[in-house]
Amino acid sequence: MHKLRGSSSRKSESAGNKWYSKRGKGGNDNEATQRDEETPEVTQFMFAVVTTTEGKADVLQVRRVPKPKPKADEMLVKVSHAGVNRPDIHQRETKLPPWEGSSDGGSNGRSDYLGLECSGAISEYGVGMSGKDKKAWKIGDKVCAITNGGSYAQYVAVPVAQLLPIPPNTSLKDAATFPQAACTVWSELFMEERLSDALQEYEKKGARLSSGETLLIHGGSSGIGTFAIQMAKHQGVTVFVTAGSDEKLEACRKLGASVCINYRKEAFEKRVLRETEGKGVNVILDCIGEDYFQQNCSCLSSGGRLVTIGPNCNMSGQDSHKEILGRHIVNACALRNRTPEMKALIVKKVLKHVWPAIRNGHVEAFNNNIKAFTFKQAAEAHALMETGNFTGKILLIPGTLP
């Protein structure tokens, strides 16, 4: 039995994070996650949100389950906040695991634990972890991360390569809003390295969004959308957004969107063409998929790129649009389906390019003061996400557990 050592006095020892004065020193001190003195028997278990069967939000339940055992390349993180994302809804409805090798170690990667991102504190090293990783990350360091499932739990095993230090002056709550959004936005809009296997024959190498171009974001008031608006503006991109209410569009405008379109009141593709004098936008970030395919293509510029993300990113109608695909439209895949190697590369690039923008205040967490839901309220959190009646990011916290 032992308590975790704090990291406030340790200077960063990671070459990639030299601009951090102290490793994991983001956030408020009173938010530091600490491990209570526990008996060996108790430490073998934890509470997690599980899906007993596929179905509606009410299938989510909090249960006592075995605590994950981190592998040699993983660290156990005690969860402070977990982000709620659209793929979590899809997984709950279909019992689809995040990937083969989920964090609970279940057979065939079938995981009853949801959650693709979190913030918290390192509580345990994986057995056999290298000295290099132990030197870079200390027990008690505050972190955020993209996970391979399992962050709707008190503890989650996270590959070392998917950990990110908490940005300076950032709370654990705010930090939990960053991992999925930052990794998705940077990898799909700005990275020069191509990650998608699909449509490579149509894509020009290095055809990434750059300063001076235009970007249309569908769902601009979502967690991904609010982050993408800020990051794109910081990169010198003119941002167009769609949303379903004037209130949501006002939030997008305050974040830096130049053209805000209420899709319930007007056809977004006609507005885009009018605003661009018929040229169209260079890139579209879309979470709708095939239902918007024709409209999206009609307002893309020559050589424009269509980036689809999330559970709806598969567009079965592609084969009937060969002439359109010749305009270098990109079909992206969900971050959750990336290989460990791809995720590691994305996190590395995010730390290099995105974290400084957060540190310097160009990109901020935006959850519109949505109160965090406890694990026991996970069904309510999912129900809210399904309504779409929110702006920003929905978060879970462990709360009071049985």
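Computed from a predicted model, the values in this text were never measured in an experiment. (Residues numbered from 1 in each chain as written. Predicted model: local features only at pLDDT ≥ 70, side-chain atom pairs only at ≥ 80, totals over all residues. Heavy atoms only, no water.)

Visitor: Explanation requested: the pairing of strand β5 (residues 142-146) in the structure shown.
Guide: Taken residue by residue, a regular strand's side chains alternate between the two faces of the sheet. In terms of burial, β5 is largely enclosed, as five of its five residues are buried. Neither face of β5 is left uncovered, since the one carrying K142, C144 and I146 and the one carrying V143 and A145 both have all their residues buried. Strand direction decides the pairing type here: strand β4 (residues 117-125) and β5, joined by five bridges, are antiparallel. Across the sheet, the residue bridging to A121 is K142, located in β5. Pairing between β5 and strand β7 (residues 163-165): three bridges, direction antiparallel. Considered in β7, the bridge of A145 is made with L163. (Buried < 20%, exposed > 50% of the residue type's maximum accessible area, 1.4 Å probe, protein only. Helix = DSSP H or I, 4+ residues; strand = E, 2+ residues; numbered from the N terminus. Pairing = 2+ DSSP bridges.)

Visitor: For this particular structure, what's the right way to read the confidence of the model for the protein chain?
Guide: A low pLDDT means the predicted coordinates there should not be read in detail. Mean pLDDT over the protein chain works out to 82, with 75% of the residues at or above the 70 mark. Below pLDDT 50 for its whole length, residues 101-111 participates in 25 contacts with residues either more than four positions away or in separate chains. Residue range residues 197-207 is modelled with pLDDT below 50. Its contacts to residues more than four positions away, or to other chains, number 17 contacts. (pLDDT = per-residue confidence, 0-100. Contact = heavy atoms within 4.5 Å.)

Visitor: Please explain the nonpolar core as it appears in this structure.
Guide: The tendency in soluble globular proteins is for nonpolar side chains to be buried as a group. One finds F227 and W355 to be the most contacted residues of the largest nonpolar core, which totals 48 residues. Of all the elements, helix α5 (residues 179-190) adds the most residues to this core, at seven residues. Aside from chain neighbours lying at most four places away, what touches F227 is F178, A181, A182, V185, V354, I358 and V363. In this structure, V49, C118, A381 and F390 belong to the second largest nonpolar core, which totals 34 residues. (Core = buried A, V, L, I, M, F, W, Y, C linked by side-chain atoms within 4.5 Å.)

Visitor: Would you explain the sheet that holds strand β8 (residues 214-218) in this entry?
Guide: Within the open sheet, the five strands sit side by side as β10-β9-β8-β11-β12. Their pairing is parallel. Looking at strand neighbours, the two that pair on one side only are β10 (259-262) and β12 (300-308), the edges of this open sheet. Averaged over all pairs of adjacent strands, the angle between strand axes in this sheet comes to 20°, irrespective of strand direction. Across five bridges, the pairing between strand β11 (residues 281-286) and β12 is parallel. By the bridge assignment for β12, V281 is matched with L300. (Axes fitted to C-alpha atoms, helices over the stretch in contact; angles between N-to-C directions.)

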